[in-house]
Amino acid sequence: MISIDLLKSIALFQDLTPEGLVRITEHIAEVHFSAGDWIVQEGEEPAFFVIVSGEVDVIKSARGVDRRVVVWGAGDFFGEIPLLLDVPALASVQARQESHLLRLDEVGFRTLMGCPTLKARILKDWALRLGSLKATVCASPTPRARIIGERQDPVCHDVRLFLDRNHVPIEVIEPAQAAQVTGFSSAEIERMCPFVQFEDHSTLTDLHSYRELAERVKLQTRPHRDRYDVVIVGAGPAGLAAAVYGASEGLSTLVVEKHAPGGQAMTSSRIRNYLGFPAGLSGDELARRASRQAVAFGAEMVVARKVEKLVPGQLGDWHTIGLDGGDPVRSKTVVLATGVQWREHPALTHHPLMGRGIFYGSAPSDAAEAAGHVAMVVGGGNSAGQAVAYLAGRASKVLLVCRGRSLQDSMSQYLIDQIGRLSNVEQIFNTEVQSAEGTDHLERVTLQDKSGKAWQLPVQHLFLMLGGEAHTDWVKAVVTCDEHGYICTGREMLDVVGPKNWSLQRDPFILETSVPGIFAAGDVRHESIKRVASGVGEGSMSIALVHRYLAVSRADRIDLEKSSALGRIPSPAVNARV
């Protein structure tokens, strides 16, 4: 129990009566943090803290950028804002150095508020701090990169999307205005465009190398070590969940993502059926929170890198993961969480207006440009429904085009109901897009229904959301996949291809592929449920199975050696390549 003498030594508690001090001790705990430890993370359940010694940073995330609001030291307190507003924590708090704090639960905080003097002081600070947080959120972040080029240029669009999704503050400057801010002449700008200028005024003109671009804005692109307990390929919901659980449970964890954390779910403007978020949250917000959480637990997040090769080791040995451009790493286990990519529209593949009004998915930065225009969404799944609901509040009109006869079999009912209530949304069924036309930007789209009737509509923004495809060609020679490229796991793997591709006497674990110690989770898995929540569930489950594999791998090796000696089972190296 906390001593009364300790409480009396802290200015905040000196106005409490002896009886009040005794009551407080029943609801208070001493907590200690090392430098860099997170005391509270934004979005967590709130608590009230008093700093006995040390210093802490208050960090607020605004538009994907973390900003330090204030530094607090001994005698300061925090946590009253969310408790008074009855909301989760509105900012994160991180220890700057070794820090000793007192933590009060909600009952203890209400006891403090029963003292008129303390209540007045806390409410005064509450108002000032709320204003400071508001100012931080409203302040424009200092751009870490300037994209110089025409906004509708496809290269500029892709670079902007990459930096946006990695939460790098940017500004886009048209060439005509660039001379005023870049320090280059108009002739130099015309010769270099499109290009990126960084904080140190250096430039990058080869905008096809996302790795170099990422390094220049200080994103991590290289692993810090050469061996890990688990390497996770892909940072969608499944990969991020695996990273959080792997790192939090003490496994050395590396995540490799070729673009940006979030995967296809990141393009969802509002996910309203995700457990625990009744008002919904965006895919971008979910990805940002999960990435922060994984890194806070110690996971490494490498972006702008692809896994080009996976060489399985003998049972219990290290698997080798080859990244593009080198930097091979070895890992005891691997989780394949590469998700799916948008299925390409056969009539619009490599269309010259891609990025100039035609988009795959519905990234917030692309959807925002549809304000006041006519937008068309093609697709019948939840992602398409979420895009329609988001666009309806910005575009003058939204057309939802679906080749099926209804949305009942492909979209959640809450989205069907929501779309049905939107007055500026028109639903068109049994119809497909035939072509798209425009000069420098999309102007019109040709549709055709199942009877063969074709017609044109004026459309300035076309969002294609035609479902996903698993791009697993790079790993098909290593693990068993079905005819559509989805990775087979567990007993389903044996049902699809038979037991000849499994080398052990035990059954494969639920998410284990045909190679022991290599797992698959999320949308890339055969017969997975294409929902964010199921991806998160499988990602977290994969780490539990990783622990099981590590515990039994020695026994597996002994069984395999015995069986091989009897000539019953071929070696795992043969079985791994199917």
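Remember, it's a predicted structure, so these values are computed and weren't measured experimentally. (Residues numbered from 1 in each chain as written. Predicted model: local features only at pLDDT ≥ 70, side-chain atom pairs only at ≥ 80, totals over all residues. Heavy atoms only, no water.)

Looking at the overall build of the chain
Cut-off, in case you're wondering: Secondary structure elements are taken from DSSP: a helix is a run of H or I of four residues or more, a strand is a run of E of two residues or more, and numbering for both begins at the N terminus. Atoms counted for the radius of gyration: C-alpha only. Globule rule: 2.2 Å times residue count to the power 0.38. Summary of the burial criterion: residues with accessible area below 20% of their type's maximum are buried, those above 50% are exposed, and those between are partly exposed, where the area comes from a 1.4 Å probe applied to protein chains only. Here the positive residues are Lys and Arg and the negative ones are Asp and Glu; neither His nor the chain ends is included. For charged residues, the charge sits on one atom: NZ in Lys, CZ in Arg, CG in Asp, CD in Glu.
Within the chain, the secondary structure is distributed over 17 helices and 29 strands. Against the compact-globule benchmark of 25 Å for 578 residues, the chain has a radius of gyration of 27 Å, which places it among compact chains. By residue count, 51% of the 578 residues in the chain fall in the buried class. Side chains of the chain carry 60 positive and 68 negative charges; the gap between the two charge centres is 1 Å.

What about the pairing of strand β27 (residues 461–464)?
Worth spelling out the cut-off: For two strands to pair, DSSP has to find at least two bridges joining them.
Of the two faces of β27, both are covered, the one formed by His-461 and Phe-463 as well as the one formed by Leu-462 and Leu-464. Pairing between strand β20 (residues 358–360) and β27: 3 bridges, direction parallel. Note on β27: the bridge partner recorded for Ile-358 is Leu-462. As paired elements, strand β21 (residues 374–378) and β27 share 4 bridges and run parallel to each other. Pairing of Met-376 across the sheet is with Leu-462, part of β27.

Remarks on the sheet that holds strand β10 (residues 170–173)
Within a beta sheet, neighbouring strands are joined by backbone hydrogen bonds and run either parallel or antiparallel to one another. Strand order in this open sheet of 4 strands is β10-β9-β11-β12, and the pairing throughout is mixed. In the strand order of this sheet, the two ends are held by β10 and β12 (203–204), each with one partner. Across 4 bridges, strand β9 (residues 145–148) lies against β10 in parallel orientation. Bridged to Ile-148 within β10 is Ile-173.

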